[in-house]
Amino acid sequence: MKTNVRKTEATPGFTTHEGAPAVKQPAEKELTRSVSCLMLFEDTFYESGKGIAERIAGLCEKVSIDFLCKLAIKARTDLKLRHAPLYLMVNALKKKGSAAERNLVGQTISEVIQRADELAEILSIYWKDGRKKVPRQLKAGIAKAFPKFNAYTLGKYNRDGVVKLRDALFISHAKPKDAEQAAPWKKLVE
């Protein structure tokens, strides 16, 4: 650690959880730091899991869709987090953006879904506050991610939760690549 550096002045009126003076960070840096060191919806010493999720949602409103997508990919691939990238994508769905940005959200959703149970998990996170219409980008992301998984992984992660893999398949209208892939999907439906 480098110690011979100029100290930054604390931001007036901004404190840590314990009340000590602190420096206000830009939204991007604060969001990256929050996502990098959390287990989503789990309580910590200073903050409840619900409070952390609300703070992250608030920070997501302040950053660009492009930044959210890059952070979600980094959190999933580099940091090996599972729920935080899905939560970031759900918050990205709430933002208004250009057609290119909206397509980027759908593409990123398919990229951060790396396990078959995440197909249903992202829908569960999206419907956490009650069932609502599923956006086109979410459907497209799930549909694009479905062909990644073979019969074994679909069978392994087909759990009896509130949202099932069958629901994700019906909602996304995913199309199998060939007859070999269509067989396990048909079993999933039945």
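First, a word on what this report is: a plain description of the structure on this page.

Cut-off values and rules
Residues numbered from 1 in each chain as written. Predicted model: local features only at pLDDT ≥ 70, side-chain atom pairs only at ≥ 80, totals over all residues. Heavy atoms only, no water. Helix = DSSP H or I, 4+ residues; strand = E, 2+ residues; numbered from the N terminus. Polar contact = N/O pair within 3.5 Å; in protein donor to acceptor, adjacent residues only side chain to side chain. Contact = heavy atoms within 4.5 Å. Buried < 20%, exposed > 50% of the residue type's maximum accessible area, 1.4 Å probe, protein only. Phe/Tyr/Trp six-rings, centres within 6.5 Å; stacked < 30°, edge-to-face > 60°. Lys NZ or Arg CZ within 6 Å of the ring centre and 35° of its normal. Axes fitted to C-alpha atoms, helices over the stretch in contact; angles between N-to-C directions. Parallel < 35°, antiparallel > 145°, perpendicular 65-115°, else oblique. Left-handed = near helix turned anticlockwise from the far one by under 90°. Nonpolar A, V, L, I, M, F, W, Y, C, P; charged D, E, K, R; others polar. Core = buried A, V, L, I, M, F, W, Y, C linked by side-chain atoms within 4.5 Å.

Within the secondary structure, Ser172 is located in helix H9 (residues 165–172). A polar atom in the side chain of Ser172 sits 2.9 Å from the backbone oxygen of Ala168. If sequence neighbours within four positions are ignored, Ser172 has contacts with Lys139, Ile142, Ala143 and Phe146.

What follows concerns the environment of Arg82. Within the fold, Arg82 resides in the loop between helix H3 (65–77) and helix H4 (83–93). Looking at Arg82, the relative accessible area reads 25%, which means it is partly exposed. Each C-alpha atom of the pair Arg82 and Glu118 lies 8.0 Å from the other, and the pair is 36 residues apart in sequence. Among residues more than four places away in sequence, those in contact with Arg82 are Arg76, Arg115, Asp117 and Glu118. Polar contacts involving the side chain of Arg82 include one to the side chain of Asp117, which spans 2.9 Å.

What follows covers the packing of aromatic side chains. To describe a pair of aromatic rings, you give the distance between the ring centres and the angle between the ring planes. Applying the stated criterion across every chain, the model contains 1 aromatic pair. Pairing Phe146 with Trp185 gives two aromatic rings, centres 5.3 Å apart and planes at 70 degrees, and the pair type is edge-to-face. One end of the pair, Phe146, is in the loop between helix H7 (136–145) and helix H8 (151–156); the other, Trp185, is in helix H10 (residues 179–189), with 39 residues separating them in the sequence. Take Phe146 and Trp185: they sit in the same class, and that class is buried. Positioned over the ring face of Trp127 is Arg131, at 4.0 Å from the centre of the ring.

For Asn4, the position within the fold is in the segment before helix H1 (27–36). Asn4 gets classed as exposed once you look at its relative accessible area, which sits at 71%. Residues Asn4 and Arg131 lie 127 residues apart in sequence; the distance between their C-alpha atoms is 54 Å.

The next subject is the packing of H3 against H4. Contact pair H3 / H4: the axes reach a minimum separation of 8 Å and the direction vectors enclose 165 degrees. Here H4 runs roughly antiparallel to H3, going by the angle between their axes. The interaxial crossing formed by H3 with H4 has left-handed handedness. On H4, the residues touching Leu68, Cys69, Leu71, Ala72, Ala75 and Arg76 of H3 are Pro85, Leu88, Met89 and Ala92. Here the residues of the contact of H3 with H4 are counted per class, giving 9 nonpolar, no polar and 1 charged.

The next thing to look at is the nonpolar core. Leu31, Val35 and Phe146 are the most contacted members of the largest nonpolar core, which totals 56 residues. When residues of this core are assigned to their parent elements, the largest contribution, 8 residues, is made by H4. Excluding anything up to four places from it in sequence, Phe146 contacts Leu119, Leu154, Leu165, Ala168, Leu169, Ser172, Ala174, Trp185 and Leu188.

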